[in-house]
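Residue-level structural notes
Single-letter residue listing:
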Amino acid sequence: MTPCRVPIPLLAFPSRGELVPEPLGVVLIFASWNFPIGVSLEPLIGAIAAGNAIVLKPSELAPASSNFLANSVSKYLDSMLVKVVPGGPDVGQMLLDQKWDKIFFTGSSRVARTVMAAAAKHLTPVAVELGGKSPAIFDSLGSPRDRKVAVERIVGAKWVSCAGQACIGVDYVLVEEQFAPVLIDQLKATLEKFYPGLDCLSRIINEQHFQRLTNLIKDPSVAATIIHGGSLDSETLFIEPTILLDPPLDADIMNEEIFGPLLPIITLKKIEDSIEFIRARPKPLVIYAFTKDEKLKSRITAETSSGSLTFNDTMVQFACDELPFGGVGGSGFGQYHGKFSFDLFSHTKPVLRRSFLLDFTFRYPPWDAWKLPFMRSVYHFDYLALLLRVLGLKRR
Amino acid sequence: MGKGFDGARAADVVAELRETFRSGRTRSLQWRAAQLKAIARMIDENEADITAALYNDLAKPPTESILHEIALAKEACLFALKKLKRWMKPRKVSTSITTFPSSAKIVPEPFGVVLVISAWNFPFLLSIDPVIGAIAAGNTVVLKPSEVATATSSFIAKNLPHYVDNSCIRVVEGSIPEASALLEQKWDKIFYTGSARVGRIVMAAAVKHLTPLVLELGGKCPVLVDSNVDIKVAAKRIVVGKWGCNSGQACIAPDYIITTKAFAPKLVDALKITLEKFYGKDPLGSADLSRIVNSSHFTRLKNLLDEDKVSGTIVHGGQQDEKHLKIAPTLLLDVPSDASIMKEEIFGPLLPIITVDDLEHSFDVINSKPKPLAAYLFTKDHKLEKKFVKTVSAGGMLINDAILQFTNPHLPFGGVGESGMGSYHGRFSFDAFSHKKAVLSRCFLGEIPMRYPPYTPLKQKVLRGLIAGNVLPLLHALVVWPAHKKV
């Protein structure tokens with residue numbers, strides 16, 4: 001919250017400049033259903049830290065969490081300034097009809113467009129945290145132990161994270177075709193270890209999403225590529241961890257964000273081809289790369305674009321408060337976490353203070369010809385020339 | 001360009017720039033520096049032509065053209081050239097026990113293909129300045145200058161291509177049809193300078209592709225004047241900030257003054273004296289005042305003055321020369337708050353002065369209006385100054401001077417609320433056109449098996465401690481756990 005001093009050129013002496021953060025005012029936060037508590041509270045914390053009043057609309061698809069928030073927030077926080085408004089799309093639309101000083105949205109691109117269109121009417125700045133197809137590049141790692149750790153981390157980012165219903169989950173894996181068998185074996189072994197039964201696995205949020213996921217693997221040309229799992233229970237909304245090997249690239253499963261427990265593995269001739277593969281597609285929220293090859297790491301960093309990039313692990317970048325979290329391109333815009341949250345919900349106001357001493361005549365009209373050279377010296381911070389001019393020792 | 005520039009042609013331009021961007025051409029420091037140097041050269045080699053174009057469009061006095069457009073644009077190039085290497089460098093950030101061992105950095109990268117739409121009042125600067133930021137950040141860019149400033153638009157369209165890399169930087173001239181064709185395309189960022197009305201249209205167009213924006217808009221910039229000031233200096237600074245800046249046609253020009261009833265007569269006198277000193281007894285004939293940009297804006301300003309409740313409040317000036325589109329510096333005293341001149345952004349050489357009993361009470365009045373791009377306060381009272389900074393929200397603030405914040409590359413320049421979103425100048429321009437990519441590197445040591453199912457209460461306990469950043473759970477996870485569990 002402390003204003004930060006900025007350097008002011010000597011020329012403007014005596015002057016003082018600083019950047020003063022101030023709250024934007026009254027902000028609206030839309031949370032998603034997959035991490036309904038976390039994704040509600042994290043932006044809320046930023047908005048409060050920055051000094052705003054807030055309305056939080058949790059997702060109606062997670063009603064128990066939504067109710068929890070509605071009851072708890074009023075108990076623990078200042079209910080004059082922090083309100084929870086649960087409800088569905090109609091409530092969302094009513095909220096969007098109002099004038100806000102900032103809107104923070106986590107969810108799908110489709111709904112983000114509705115939010116941004118409403119914001120445009122009032123010139124309200126928005127931050128949209130979307131998703132995308134976040135790939136994991138799996139290079140040959142040499143050591144079996146490293147491979148085991150790497151695969152556990154991939155499984156962690158796919159199935160351990162809400163059964164794949166996570167914006168920073170691994171959507172699909174890219175691997176060299178010669179290493180695919182090793183990867184698949186390790187994936188199967190890890191799944192068996194983590195999920196001896198299905199009781200530690202989240203279910204699909206609702207029937208609509210269950211149906212959507214079912215449709216992704218319904219197509220015979222896609223179903224034929226399932227090499228593990230594939231069973232679905234529409235009563236309990238559970239889908240078994242499913243692995244596919246080289247589904248058709250034009251199938252929906254390879255063009256839409258999966259957001260579920262289905263993992264396509266795409267094989268390439270060489271791992272470097274993964275860079276072009278990713279570049280040909282919309283920018284994801286995160287790119288994961290498992291490799292010890294420093295050259296490959298540099299190339300991935302320089303040649304791909306994503307919200308974040310994590311080497312040799314998954315998901316944990318979310319816990320690094322010194323790193324900004326947010327998307328780019330199709331995966332969204334606006335970044336938060338840590339100080340970035342504070343900044344996102346603040347207006348950083350520059351304040352320049354001058355005094356009445358030292359007033360240069362040459363900055364005022366009439367614009368006589370002699371004044372211009374003085375002003376040029378000013379702009380070039382040419383103190384010597386300025387001094388000489390003032391002393392009359394330098395003309396043009 | 002201009003005739004027949006439709007959606008298909010716009011799509012072609014974007015596709016070409018996207019292809020060039022993909023090739024990596026704009027990424028190197030060398031390429032970016034070469035473009036910036038070329039722009040600086042263009043400015044140096046064509047100062048006379050730029051000045052002439054600005055005179056053509058706005059009767060802008062050559063000194064103002066140099067001060068407010070040419071010199072500032074050149075300085076923006078040179079500042080970026082000096083700092084670019086540092087700006088481009090990834091920034092290391094610390095990591096916590098939660099991800100130990102790991103290293104993290106923030107890597108700036110260009111968005112890709114960006115659109116810059118410029119305004120007519122500082123048509124050269126407001127075109128070149130954002131383009132400098134876009135290039136410094138490594139993007140390809142399409143610039144659409146304002147068609148209202150035809151000579152400057154024409155100058156830029158003719159000359160910029162001779163200096164910069166045309167495979168990456170393009171100028172598209174035109175008006176609404178061309179702008180609409182451009183706005184239909186998919187951009188990675190859009191930078192718009194202009195009115196709030198068109199700002200809404202630009203933002204609505206950006207919705208289709210969820211394109212992030214910077215909108216540099218305007219508003220009614222208030223100037224509060226206390227009675228304890230050095231009135232001569234204050235008057236000079238207000239006058240040059242208002243009329244010495246494109247005759248009030250500037251987004252950060254003082255729009256209206258608030259002062260105390262007791263002080264108003266002195267202030268009005270000081271302003272009158274200063275105006276005469278700067279612009280002579282016949283300001284309509286002064287070469288040091290810009291004209292109004294076109295007849296439509298002239299009529300708009302004339303109507304503001306002709307409104308019944310307003311015309312009687314003119315205390316100085318008011319003369320108009322429709323043929324030459326000039327309006328004399330005009331002061332008005334105690335205009336009713338419901339008059340149009342007190343509701344719309346004036347953007348012209350008319351300065352209403354509102355009087356109050358107590359300056360501090362006017363803070364609430366200012367806050368009840370849309371947030372302006374700038375707010376000014378002239379005072380020697382530090383307490384009042386502190387309260388002003390704390391209470392009033394504006395894009396930027398300046399105490400005891402006017403407009404200078406625009407010239408400082410260390411201060412972000414941009415609005416808040418109705419006056420805009422996003423900021424630029426100096427490093428902020430580079431940031432406005434960059435994506436800050438978070439890069440976290442881990443290795444295969446330090447595995448925390450309790451992240452994974454099957455879940456047990458003990459695993460949960462260790463994880464909680466880890467996320468809270470405690471060392472003991474980390475040690476437990478790294479050392480104790482593997483020793484007694486089959487990993």
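Under an unreviewed UniProt entry, the name given to chain B is Aldehyde dehydrogenase, and the source organism is Ensete ventricosum. UniProt, in its Catalytic activity (unreviewed entry) section for chain B, records the words "an aldehyde + NAD(+) + H2O = a carboxylate + NADH + 2 H(+)".

As recorded by an unreviewed UniProt entry, chain A carries the name Aldehyde dehydrogenase domain-containing protein and is attributed to Ensete ventricosum. Per its UniProt entry, chain A bears the Sequence similarities (unreviewed entry) comment "Belongs to the aldehyde dehydrogenase family."

**A word on the overall build of chain B**
Check the secondary structure of chain B and you find 17 helices and 18 strands. Counting every position in chain B, which comprises 487 residues, the buried fraction comes to 61%. At a minimum sequence separation of 6, the contacts of chain B that also span at least 24 residues come to 71%. Within chain B, the 47 negative side-chain charges are centred at a point lying 12 Å from the centre of the 61 positive side-chain charges.

**Focus: helix 4 (residues 109–121) of chain A**
Taking 1.5 Å of rise per residue, the 13 residues of helix 4 of chain A would be expected to cover 18 Å, and the 19 Å separating its terminal C-alpha atoms lies within 8% of that figure. Directly after helix 4 of chain A, the chain includes Leu123(A), whose backbone phi takes a positive value near 55 degrees.

**Some points on the packing of aromatic side chains**
By the definition in use, this model includes 23 aromatic pairs over all chains. What links up through ring pairs into an aromatic cluster is the set Phe104(A), Phe318(A), Phe325(A), Tyr336(A) and Phe345(A). Over the face of the ring belonging to Phe122(B) we find Lys60(B), whose NZ or CZ atom lies 3.9 Å from the ring centre.

**A short note on the packing of helix 2 (residues 29–45) of chain B against helix 5 (residues 125–136) of chain B**
Residues and elements named next belong to chain B. Between helix 2 and helix 5, the shortest axis-to-axis distance is 9 Å and the interhelical angle comes to 160 degrees. Classified by the angle their axes make, helix 2 and helix 5 are roughly antiparallel. For the pair helix 2 and helix 5, the crossing hand works out as left-handed. Every residue of helix 5 that contacts helix 2 at Trp31, Arg32, Gln35, Leu36, Ile39 and Met42 is listed here: Ile128, Ile132, Ile135 and Ala136. In terms of residue class, the contact of helix 2 with helix 5 is made up of eight nonpolar, one polar and one charged.

**A word on the pattern of salt bridges**
Any two side chains of opposite charge can pair, so long as their charged atoms come close to each other. Applying the stated criterion to the full structure yields 39 salt bridges over all chains. Residues Lys236(B) and Asp359(A) are paired through a salt bridge, measuring 3.4 Å at the closest nitrogen-oxygen approach. Here the residue Lys236(B) occupies a position in helix 9 (residues 231–242), and Asp359(A) occupies one in the loop between strand 18 (346–354) and helix 12 (371–379), the pair thus bridging two chains. Of the charged contacts, one joins Glu276(B) and Lys281(B) as a salt bridge, the two residues approaching to 2.7 Å between their closest N and O atoms. Residue class for Glu276(B) comes out partly exposed when judged on its relative accessible area of 40%. Using a relative accessible area of 70% as the deciding quantity, one classes Lys281(B) as exposed. One network of salt bridges, in which partners are shared, links Arg354(A), Asp359(A), Arg363(A), Lys236(B), Arg237(B) and Asp401(B).

**A short note on the sheet that holds strand 6 (residues 102–106) of chain A**
All names here are of chain A. One open sheet holds the six strands; their spatial order is 5-4-3-6-7-17, and the pairing between them is mixed. Lying at the two open borders of the sheet, with one neighbouring strand each, are strand 5 (82–84) and strand 17 (332–333). Pairing geometry for strand 3 (residues 26–30) and strand 4 (residues 53–57), over five bridges, is parallel. Residue pairing in the sheet places valine 26 in a bridge with alanine 53 of strand 4.

About the thresholds
Residues numbered from 1 in each chain as written. Chains lettered and ligands numbered in written order. Predicted model: local features only at pLDDT ≥ 70, side-chain atom pairs only at ≥ 80, totals over all residues. Heavy atoms only, no water. UniProt positions renumbered as here; feature names shortened; annotations may be inferred. Helix = DSSP H or I, 4+ residues; strand = E, 2+ residues; numbered from the N terminus. Buried < 20%, exposed > 50% of the residue type's maximum accessible area, 1.4 Å probe, protein only. Contact = heavy atoms within 4.5 Å. Lys, Arg positive; Asp, Glu negative; His and termini not counted. Charge placed at Lys NZ, Arg CZ, Asp CG, Glu CD. Expected span 1.5 Å × (residues − 1). Phe/Tyr/Trp six-rings, centres within 6.5 Å; stacked < 30°, edge-to-face > 60°. Lys NZ or Arg CZ within 6 Å of the ring centre and 35° of its normal. Axes fitted to C-alpha atoms, helices over the stretch in contact; angles between N-to-C directions. Parallel < 35°, antiparallel > 145°, perpendicular 65-115°, else oblique. Left-handed = near helix turned anticlockwise from the far one by under 90°. Nonpolar A, V, L, I, M, F, W, Y, C, P; charged D, E, K, R; others polar. Salt bridge = Lys/Arg side-chain N within 4 Å of Asp/Glu carboxyl O. Pairing = 2+ DSSP bridges.

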